[in-house]
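So the chains spell out like this:
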Amino acid sequence: MKKMEVNAGDKKVFVLIFIVLLLITIPGLLWLEKRDLENELAKAQVKSEWSVQMEYSIVSARISSLVADTSYLHDIYATRLEDPAEYDKIAQEWMVFSNKMHVYDQIRFIDANGNEKIRIDLKPGGAVKAPDKELQNKKDRYYFYEAADLPAGALHVSPLDLNMERGQIETPFKPMIRLGMPVHKADGTLLGVIVMNYLAKDFLSAFKEYAITSENKPVLLNSAGYYLASHDTVQEWGFMFNKGKERRFDVYHPEEWAGVQQGQLRQYTDEGLFTALPIKLRNILLRDAERNPTLPQTVYCDETWYIVGMLPRDEEHPYLYTEDMRYLFSYLVSQPAFVILILFIIFAASIATQTVQRYRQIHYRADYDALTKAYSREGGMSKLRFLAHAAKGIDMTFSICFVDVNGLKEVNDNLGHDCGDEMIVTAVNTVNAQIRQHDYIIRIGGDEFLIVFPYSDVEQAENVWQRIRGALERINQQETRPYYISLSHGIVDNKMADHVDIDKIIKMADVKMYKEKQEIKKSFCSVRGKDLNIQKIDDTFK
């Protein structure tokens, strides 16, 4: 006998529907979320590329004029520098030039022997001429002797580093680029070198000010990977200090640095989105020379810098995880929209569960008897006809037991219909407890039932019936119900009926049952205390 476990079944249905809805909606939401994040990533890539392009423009705009300034001093003063008597006057004019430009820390003329002859220092109050006693010999400084060896009209540009005075790094730090242009006499011999110390703070400050406003915080690196400009000032100028040799981009990001040197504009790695742009300093310095043939056409400068912006993979940049499905799922779960989705799924699953429950209830009521929970006539007969049809094909034996509850009318009339219903339910429950797992009960009328025994002939079915009869005897003897429970039965198998129509088999079982019932009625009273005792009932059964 099948029982309908409504609560447990409803929970299982709800969980199943909930899971199905999740499996349907989550992939779609993940796809939408992934697409949105990919759009955000595309925007971030454009912004990052724009950021490094802007930094490139800032750098190039500030240093592109250096060639013109150096060339101007060379062309105007080369001849006058042959006359030492002109030095004081030249110094005054260079002071005016320095105050006007305000980007040159020093403007010097160093003779062929490396001695400073004119030096204009830019002080906080303006440009001043260095006293003769403070002039130094610079013959051992690379920016002098490398410029001195150049042909006429050529320009030497030093690497960007920190200024040093008397062998010590000057503090506060003065990032410096030195431009040197040789001056020759009329006979072609070297007169000296004009050296201009460009205060690189001019463009580095502008670079860092823009970097602060950029999401990818661009940094400026030299060709060895050392930081020239960074939002973290501790990282800067590592190559100038013995303890700073490890403060390099290639140490922090070796994989990305290799890509930068290979010319990769954009890299998407485990660490984040890297956008890089190289700066060939020589190309920038020669940009104006291409349009003005009077400017130096030869610039000796091997300096290459790199502008690198980085968007790290973190919670602030979820679009950098578009390929990481685990992160995408955790990101989706953290969104308010996901909570709304879960609530909607719960609501939809509840509605669907109620619908399934109503359908199951309708189906249950159609197939099962409301009182006894046995199969109803319609549901049970459908199952029985299917069994009979299958038995013909596989030559299977099955038996049908027609059962009638004895004395039901007497119980209803004397004890009431509640007792009558209780009597029926007890009888069915007792039968159900004794039959085998594949056997089942069909209620075909008020007090009439069929017990179906698949794979059993009459003898096997009778053995089961004896267990049922014994169980009823124990109830009648051990319990103090106001009634006795007695069942009449008749068993027929399909071999006895030679596979005739199922209705005829049932009729044959009914006839056998009726004969037994007539015998029992002669001596049986279902209401306890009406002249018959339990011994007489037992004798009747036997």
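Reading guide: rules and limits
All chains use their own residue numbering, which begins from 1 and follows the written sequence. Residue-level local features of this predicted model are given only where pLDDT is at least 70; pairs of side-chain atoms are given and counted only at 80 or more, and the full residue set underlies all totals for whole chains, interfaces and linings. To obtain the side-chain values, all non-hydrogen atoms of the structure were included, while hydrogens and water were left out. Note: pLDDT gives the predictor's confidence per residue, expressed from 0 to 100. Should any heavy atoms of two residues lie within 4.5 Å, those residues are considered in contact. Only DSSP runs of H or I reaching four residues or more are called helices, and only runs of E reaching two or more are called strands; each is numbered from the N terminus. Each helix should span, by expectation, one fewer than its residue count multiplied by 1.5 Å. Here the term buried applies to any residue with accessible area under 20% of the maximum for its type, exposed to any over 50%, and partly exposed to those in between, with areas from a 1.4 Å probe on protein chains only. We define a salt bridge as a contact between a side-chain nitrogen of Lys or Arg and a carboxyl oxygen of Asp or Glu at a distance within 4 Å. Stacked, tilted and edge-to-face are the three classes applied to pairs of Phe, Tyr and Trp rings, where Trp contributes its six-membered ring and a pair requires centres within 6.5 Å; stacked means planes under 30 degrees apart, edge-to-face means over 60, and tilted covers the rest. Among buried residues, the Ala, Val, Leu, Ile, Met, Phe, Trp, Tyr and Cys ones that are joined through side-chain atoms within 4.5 Å form a nonpolar core. A pair of strands counts as paired when DSSP detects no fewer than two bridges linking them. Axes here mean lines fitted to C-alpha atoms, for a helix over just the part in contact, with angles spanning 0 to 180 degrees between N-to-C directions.

### Some details on the confidence of the model for the chain
Phase 1: Residues with a pLDDT of 70 or more make up 91% of the chain, whose mean pLDDT is 87.
Phase 2: Between residues 531–538, whose pLDDT stays under 50, and residues either more than four places distant or in other chains, the model counts 14 contacts.

### As for helix α14 (residues 458–478)
Phase 1: Taking 1.5 Å of rise per residue, 21 residues should cover 30 Å, and α14 covers 30 Å from first to last C-alpha, within 8% of that figure.
Phase 2: Buried residues of α14: Val458, Ala461, Val464, Trp465, Ile468, Arg469, Gly470, Ala471, Leu472, Glu473, Ile475 and Asn476, and no others.

### Description of the pattern of salt bridges
Phase 1: Scanning all chains against the criterion turns up 26 salt bridges.
Phase 2: Ionic pairing is found between Asp202 and Arg62, a salt bridge with its closest N-O pair at 3.0 Å. Here Asp202, found in helix α5 (residues 201–213), pairs with Arg62, found in helix α1 (residues 6–63); they are 140 residues apart in sequence, far enough to count as distant.
Phase 3: By relative accessible area, which is 22% here, Asp202 ends up partly exposed.
Phase 4: What makes Arg62 partly exposed here is its relative accessible area of 35%.
Phase 5: As a salt-bridge pair, Lys129 and Asp132 come within 3.7 Å of each other at their nearest N and O atoms.
Phase 6: Residue classification places Asp132 among the exposed positions, given a relative accessible area of 58%.

### Topic: the environment of Leu228
Phase 1: Position of Leu228 among the secondary structure elements: in strand β11 (residues 227–229).
Phase 2: The buried category is assigned to Leu228, whose relative accessible area is 1%.
Phase 3: Put simply, Leu228 and Asp161 are 67 residues apart on the chain and 8.4 Å apart in space, counted from C-alpha to C-alpha.
Phase 4: Other than its neighbours up to four places away in sequence, Leu228 contacts Leu160, Leu204, Leu220, Leu221, Asn222, Glu236, Trp237, Phe239 and Trp305.

### A few points about the packing of aromatic side chains
Phase 1: According to the stated counting rule, one finds 18 aromatic pairs in the structure shown.
Phase 2: Judged by centre distance (5.9 Å) and plane angle (20°), the ring pair of Tyr72 and Phe97 falls under stacked. Placement of Tyr72 in helix α2 (residues 66–77) and of Phe97 in helix α3 (residues 87–101) is noted, with a sequence separation of 25 residues between them.
Phase 3: An aromatic cluster is defined as three or more aromatic residues linked by ring pairs; in this entry it consists of Tyr72, Phe97, Tyr104, Tyr198, Phe203 and Trp305.

### Some details on the side chain of Thr430
Phase 1: Its place among the elements puts Thr430 in helix α13 (residues 417–434).
Phase 2: Not counting the four nearest positions on each side in its chain, Thr430 is found in contact with Ile468, Ala471, Leu472 and Ile475.

### Here's the deal with the nonpolar core
Phase 1: Counting 58 residues, the largest nonpolar core has Leu81, Tyr198, Phe203, Leu220 and Trp305 as the members making the most contacts within it.
Phase 2: Of all the elements, α3 adds the most residues to this core, at six residues.
Phase 3: When neighbours within four sequence positions are excluded, Tyr198 is seen to be in contact with Arg62, Ile63, Leu66, Val103, Tyr104, Pro175, Met176, Ile177, Leu179 and Phe203.
Phase 4: Formed by 28 residues, the second largest nonpolar core is a distinct cluster that contains Cys401, Met423, Ile424 and Ile435.

### Describing α13
Phase 1: Between its first and last C-alpha, α13 extends 26 Å over 18 residues, near the 26 Å set by a 1.5 Å rise per residue.
Phase 2: As for α13, its buried residues are in contact with β16 (398–405), α12 (408–415), β17 (440–443), β18 (448–454), α14 and β19 (487–493).

### Remarks on the sheet that holds strand β10 (residues 219–221)
Phase 1: Strand order in the open sheet formed by five strands is β11-β10-β15-β13-β12, with antiparallel pairing between adjacent strands. The two strands at the open ends of the sheet, each matched to only one other strand, are β11 and β12 (266–269). The mean angle between the axes of side-by-side strands here comes to 30°, regardless of whether they run parallel or antiparallel.
Phase 2: Pairing analysis gives two bridges linking β10 to β11, with the strands arranged antiparallel. The partner of Leu221 across the bridge, within β11, is Tyr227.
Phase 3: With respect to the sheet, helix α7 (residues 254–261) is in contact with β10, β12, β13 (272–280) and β15 (304–312), its orientation differing from that of β12 by roughly 160°.

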